[in-house]
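Chain by chain, the residues:
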Amino acid sequence: MHCVRRVAIVLLALMCATTAAALETAEVRDIFYEGTIVLDRDGTLTLEEALAEAEALAGQPRQRVAAGGNAYWLVEKLTNPGDVPSWWVEVFAARSDYIDLYVLKDGIVEQHVKAGLLRQVSDPRVVKSMGSHVLTFTLPPGEDRTLALRVQSRSLINYSIKAGPDYALNTPRVNRHFIVYSLMGGMIFLVLYNLFLGLALRELDYFLYSAHGLSYFLFFFNSYGFAATLLGWTAHPWITVYAGFAIEIFGIAFVWRFLRVRDWSPVLSWLMLGCLAFLIALVIATPFAGYLVMAELWMITYALVPFLVLAASLIGIFRGVRQSLFILIGWTPMVAMTLIAMIAMMGYLERPPSGAAINSSVLLEMLILSLALADRVRRLRGERERAIQEGREKSTFLAMLSHEVRTPLNGIMGTVELLGRTRLDRAQRDHVSNLKHAGNALLSLLNDVLQLAKSEAGKDELHLSWVALVDVTRSMCNLMSARATDKGLDLVFRTEGDVPEFVEADEARLRQVLLNLVSNAVKFTDKGRVEVVVK
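Residues numbered from 1 in each chain as written. Predicted model: local features only at pLDDT ≥ 70, side-chain atom pairs only at ≥ 80, totals over all residues. Heavy atoms only, no water.

### Some remarks on the overall build of the protein
Along the backbone of the protein there are 15 helices and 14 strands. Here the protein, with 535 residues, has 46% of them falling under the buried criterion. Residue pairs in contact within the protein that sit at least 24 positions apart in sequence constitute 79% of those at least 6 positions apart. Counting every atom, the protein has about 27900 Å² of accessible surface; 61% of that belongs to carbon and sulfur. (Helix = DSSP H or I, 4+ residues; strand = E, 2+ residues; numbered from the N terminus. Buried < 20%, exposed > 50% of the residue type's maximum accessible area, 1.4 Å probe, protein only. Contact = heavy atoms within 4.5 Å. Areas by Shrake-Rupley, 256 points an atom, 1.4 Å probe, with all protein chains shown as cover.)

Here it is in structure tokens:
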């Protein structure tokens with residue numbers, strides 16, 4: 001628990017520092033939101049047609065670029081007010097298959113730079129980067145050029161396209177990479193930490209949490225281009241879709257089990273299970289549907305599923321479920337950031353939140369859920385310790401009580417024994433005999449209680465001696481023969497094979513076990529006979 005708290009402080013400090021660290025220099029322009037967007041829906045627009053359409057769209061509301069499987073042109077005019085001719089354009093769409101940068105002077109193509117995941121380019125003007133593509137070009141000081149950038153992307157995350165002079169590139173990229181690497185590292189740390197706890201405690205909640213966090217990690221790992229850059233997964237945009245569905249599936253499963261929804265709201269439990277079944281059906285149908293169709297379905301479900309989780313947490317708080325507060329606090333920032341990003345991906349918002357903001361909200365959710373699991377383990381440990389202490393106190397009380405009662409009972413049994421040696425008539429002797437049997441039965445019961453108390457207190461001891469097994473068993477059968485006769489049963493005792501005359505055992509415990517076995521056999525047999533066989 002203390003380890004999780006320390007990590008929480010470090011990660012929260014890191015997330016608070018992302019805003020300041022992510023500030024970029026004033027020379028960098030976000031041309032994705034400043035330039036003119038020309039959609040190329042069928043992928044056939046030429047450079048000349050794109051420039052003409054961009055001129056026609058000037059002054060009109062900008063066209064929105066939806067995420068996933070789109071092609072578009074970006075046209076913008078840049079002026080170099082400084083004295084550095086080396087400039088760059090960075091495309092923040094990791095899964096961009098084809099990128100063409102045209103630099104025009106007076107409508108004539110002066111430079112053409114090609115990049116993209118599906119192009120095997122060795123152009124020194126193309127810089128490979130995690131999560132983005134950097135293309136460099138020349139912009140003479142004091143002059144202006146028109147940039148025409150064509151992007152064909154399968155990315156579900158389109159953040160921005162930025163341009164600036166060479167000296168303004170390294171600092172923001174280093175800061176951004178530091179933030180992304182740190183947040184991704186925090187995710188995988190929390191996943192591994194809780195996976196280890198799940199293996200140690202054998203608790204399913206930890207495995208569901210780890211699967212939920214790992215799905216987030218894979219989603220960002222592929223979306224930011226780590227999979228393409230490090231592993232060469234250039235033709236697998238499906239990873240993002242599968243990981244997205246896995247985020248929802250394991251997230252709902254974790255909340256359902258962690259909050260024990262079935263115990264306090266059967267209707268909500270069935271609703272969550274139905275949602276799980278629907279999402280699993282979508283995953284099964286994914287290979288048979290198109291990428292764009294499943295990407296759109298995922299974005300729709302991902303915009304709706306968090307509301308189900310938040311509703312479950314609010315109902316849980318109303319029902320007095322302590323863990324619901326953790327779910328509400330953890331999911332609210334992530335849901336807010338994710339919904340804003342989803343709206344931007346669908347093209348209904350001008351600017352989406354930054355990648356650092358989304359990553360930070362996800363990491364915050366994972367961190368709070370990890371603290372929730374740690375809090376639950378702490379409470380269960382306390383309940384277990386209290387139960388053990390209560391059991392010890394009960395055992396101590398029973399041992400003391402049975403010992404205190406047995407002392408006067410022994411006196412009564414001694415008096416009955418002395419009374420049986422006096423001159424008594426037949427009726428009086430029958431009464432004394434019955435009293436002696438009842439006292440022995442009560443003494444045996446007290447011995448059982450005392451033995452149980454010793455066992456629960458961990459003070460159980462065996463007193464081994466050489467016991468005549470056949471004689472002890474026969475005596476227990478003789479003791480129960482009267483009860484068997486009363487029920488009309490035959491109680492038969494016999495031996496088979498070579499039975500040793502003596503065995504090493506605790507005679508009192510052996511008699512207790514044999515008496516219980518024979519007594520139960522007679523008790524639960526309605527007709528016929530009961531056989532006791534020693535072999």
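### Details of the pattern of salt bridges
A full pass over the atoms with the stated rule returns 15 salt bridges. Linking R378 and D375 is a salt bridge whose minimum nitrogen-to-oxygen distance equals 2.7 Å. Of this pair, R378 and D375 are both found in helix α12 (residues 355-420), 3 residues apart, which corresponds to roughly one turn of the helix. In this structure, R379 and D375 form a salt bridge, with 3.5 Å as the shortest nitrogen-oxygen distance. In this pair, R379 and D375 both sit in helix α12, 4 residues apart, roughly one turn of the helix. (Salt bridge = Lys/Arg side-chain N within 4 Å of Asp/Glu carboxyl O.)

### Focus: the pairing of strand β5 (residues 96-105)
Where burial is concerned, most of β5 is hidden: 8 out of the 10 residues are buried. In this structure, β5 lies alongside strand β9 (residues 144-153), joined through 8 bridges in antiparallel fashion. Across the sheet, the residue bridging to D100 is R150, located in β9. In this structure, β5 lies alongside strand β6 (residues 108-115), joined through 7 bridges in antiparallel fashion. Paired with Y102 across the strands is H112, a residue of β6. With antiparallel pairing between neighbouring strands as the criterion, β5 and β6 make up a hairpin whose turn holds 2 residues, including D106 at a positive phi of roughly 55 degrees. (Pairing = 2+ DSSP bridges.)

### Focus: the packing of aromatic side chains
Scanning the model with the defined rule gives 10 aromatic pairs in all. Both rings, one in F32 and one in Y72, keep their centres 6.0 Å apart while their planes meet at 75 degrees; by these two values the pair is edge-to-face. Of the two residues, F32 sits in helix α2 (residues 31-34) while Y72 sits in strand β3 (residues 70-79), which places them 40 residues apart along the sequence. The class of F32 is buried, set by a relative accessible area of 7%. Measuring from ring centre to ring centre gives 6.0 Å for W73 and Y102, while their planes differ by 20 degrees; the resulting arrangement is stacked. With W73 in strand β3 and Y102 in strand β5, this pair connects stretches of sequence that are 29 residues apart. Given a relative accessible area of 2%, W73 falls into the buried group. (Phe/Tyr/Trp six-rings, centres within 6.5 Å; stacked < 30°, edge-to-face > 60°.)

### Some points on the sheet that holds β5
Pairing within the open sheet is antiparallel, and its 5 strands lie in the order β2-β3-β9-β5-β6. Looking at which strands have only one partner, the edges of the open sheet turn out to be β2 (36-39) and β6. The average angle at which neighbouring strand axes cross in this sheet is 20 degrees, direction not considered. (Axes fitted to C-alpha atoms, helices over the stretch in contact; angles between N-to-C directions.)

### Regarding the nonpolar core
In terms of nonpolar packing, the biggest core is built from 65 residues, with F220, F254, M272, I327 and W331 touching the most fellow members. At the level of elements, α4 (170-201), α5 (204-223), α7 (238-258), α8 (261-264), α9 (266-285), α10 (291-318), α11 (324-345) and α12 are the ones that each hand at least two residues to this core. F220 has contacts with M184, M187, F226, I358, N359 and V362, leaving out every residue within four places of it along the chain. If you look at the next biggest cluster of nonpolar residues, it comprises 26 residues, including Y72, I99, V103 and L149. (Core = buried A, V, L, I, M, F, W, Y, C linked by side-chain atoms within 4.5 Å.)

### Regarding the packing of α7 against α9
Running from N to C, α7 and α9 cross one another at 160 degrees; their axes reach a closest spacing of 10 Å. It follows from the interaxial angle that α7 and α9 lie roughly antiparallel. Handedness of the crossing formed by α7 with α9: left-handed. Across the interface between the two elements, Y242, F245, E248, I249, I252, A253, V255 and W256 of α7 pack against S269, M272, L273, C275, L276, L279, I280, L282 and V283 of α9. Of the residues assigned to the contact of α7 with α9, the class counts are 15 nonpolar, 1 polar and 1 charged. (Parallel < 35°, antiparallel > 145°, perpendicular 65-115°, else oblique. Left-handed = near helix turned anticlockwise from the far one by under 90°. Nonpolar A, V, L, I, M, F, W, Y, C, P; charged D, E, K, R; others polar.)

### As for the environment of S475
By secondary structure assignment, the location of S475 is in helix α14 (residues 469-486). When the C-alpha atoms of S475 and R511 are compared, they prove to be 9.2 Å apart, with 36 residues separating the residues in sequence.

### What to know about the confidence of the model for the protein
Confidence along the protein averages 78 in pLDDT terms, with 80% of residues attaining 70 or more. For the protein, per-element mean pLDDT is lowest for helix α1 (residues 2-21), which scores 48, and highest for α9, which scores 92. Within the model, the stretch residues 17-26 combines pLDDT values under 50 with 10 contacts to residues more than four positions away or in other chains. (pLDDT = per-residue confidence, 0-100.)

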